Amino acid sequence: MEMKKRISLELRNRNPAELAELVVDNCRSSDGEVEGLTDEYVELEILSMVNVGLSSLSKMPSLPKLRKLVVSDNVITGGLDTLAEKCPNLTYLNLSGNKIKELSTIECLQNLKNLKSLDLYSCEITALDDYRDAVFELLPQITYLDGFDQEDNEVPDSEADNDDEDEACPVGDEDDDDEEDEEDEDDEEEGSEGDEDEVGLSYLMKEGI
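Draft legend 1. Structural context of unusual backbone geometry. Positive phi, close to 65°, is recorded for Asn26, a residue that is not glycine. Mapped onto the fold, Asn26 is located in the loop between strand S1 (21–23) and strand S2 (46–48). The class for Asn26 is exposed, based on a relative accessible area of 55%. A positive phi angle is found at Asp146, which is not glycine, with a value near 55°. Looking at where Asp146 falls in the secondary structure, it is placed in the loop between strand S6 (144–145) and helix H5 (158–168). The class for Asp146 is buried, based on a relative accessible area of 7%.

This is the structure:
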């Protein structure tokens, strides 16, 4: 399916300006460029174009709110210099599985001041000597390269962390515990009063009253 048609289908009769996320993986670009995307997508924050036959990103439209761009498994060799101008707020860029061979190709990413994470898995550039050190030196603003920082610490899974917190303290459990504690206290008080009544009866019987 052509990229233009796929994007049209993904819109589902919505206004492009309302879309925050767009996934058009495995469709086809007719000329190796981004097609069907326009400057109307002003609210777009996440864009995925995996395996669509892109060879360049030079025709990217202006996407001022775009934070995450995934263009892995294409044949991109360049045209990355437009990203700083068109997508200045990018924090995550996945270029894995493309035809990127030289550091000079990604040097223009220095202008993406907010870029924190860059993936270049399965690109020829990863075979260069001291590849990781060279990229971190070239792009000092990034924290993670191929999922790890300079100290080989993996990218933390913030979503998993949030799930753990939710499991540790499920909503409503504290209130339930408080109610159960109050019920236990009431039961103990009733039990104490019952014991006192029994003691009183025994005493009266012993006294013969």
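Structure shown, so let's carry the discussion forward.
Draft legend 2. Summary view of the packing of aromatic side chains. Counting across every chain of the model gives 0 aromatic pairs. The ring of Tyr92 is capped by Lys68, whose NZ or CZ atom sits 5.3 Å from the centre of that ring.

Draft legend 3. Summary view of the pattern of salt bridges. In the structure shown here, the tally under the stated rule is 5 salt bridges. In this structure, the salt-bridge partner of Glu10 is Arg6, at a minimum N-O distance of 3.0 Å. Of this pair, Glu10 and Arg6 are both found in helix H1 (residues 3–11), 4 residues apart, which corresponds to roughly one turn of the helix. Taken individually, Glu10 and Arg6 each receive the classification buried, so the pair is uniform in this respect. One salt bridge connects Arg12 with Glu10, and the closest N-O pair in it is separated by 3.9 Å. Using a relative accessible area of 56% as the deciding quantity, one classes Arg12 as exposed.

Draft legend 4. Focus on the nonpolar core. One finds Met49, Met60 and Leu69 to be the most contacted residues of the largest nonpolar core, which totals 46 residues. Where this core is concerned, the elements lending two or more residues are H1, helix H2 (83–86) and helix H4 (131–138). Broken down by element, the residue count for this core peaks at 4 residues, all from H4.

Draft legend 5. Layout of the sheet that holds S6. The parallel open sheet is built from 6 strands, whose spatial order is S1-S2-S3-S4-S5-S6. The open sheet has two free edges, formed respectively by S1 and S6, since each of these has just one partner strand.

Draft legend 6. Inspection of the side chain of Asn94 at higher detail. Looking at where Asn94 falls in the secondary structure, it is placed in strand S4 (residues 92–94). A distance of 3.2 Å separates polar atoms of two side chains, one belonging to Asn94 and the other to Tyr92. Leaving out residues up to four positions away in the same chain, Asn94 has contacts with Leu69, Val70, Val71, Ser72 and Asp119.

Thresholds applied
Residues numbered from 1 in each chain as written. Predicted model: local features only at pLDDT ≥ 70, side-chain atom pairs only at ≥ 80, totals over all residues. Heavy atoms only, no water. Helix = DSSP H or I, 4+ residues; strand = E, 2+ residues; numbered from the N terminus. Buried < 20%, exposed > 50% of the residue type's maximum accessible area, 1.4 Å probe, protein only. Phe/Tyr/Trp six-rings, centres within 6.5 Å; stacked < 30°, edge-to-face > 60°. Lys NZ or Arg CZ within 6 Å of the ring centre and 35° of its normal. Salt bridge = Lys/Arg side-chain N within 4 Å of Asp/Glu carboxyl O. Core = buried A, V, L, I, M, F, W, Y, C linked by side-chain atoms within 4.5 Å. Pairing = 2+ DSSP bridges. Polar contact = N/O pair within 3.5 Å; in protein donor to acceptor, adjacent residues only side chain to side chain. Contact = heavy atoms within 4.5 Å.

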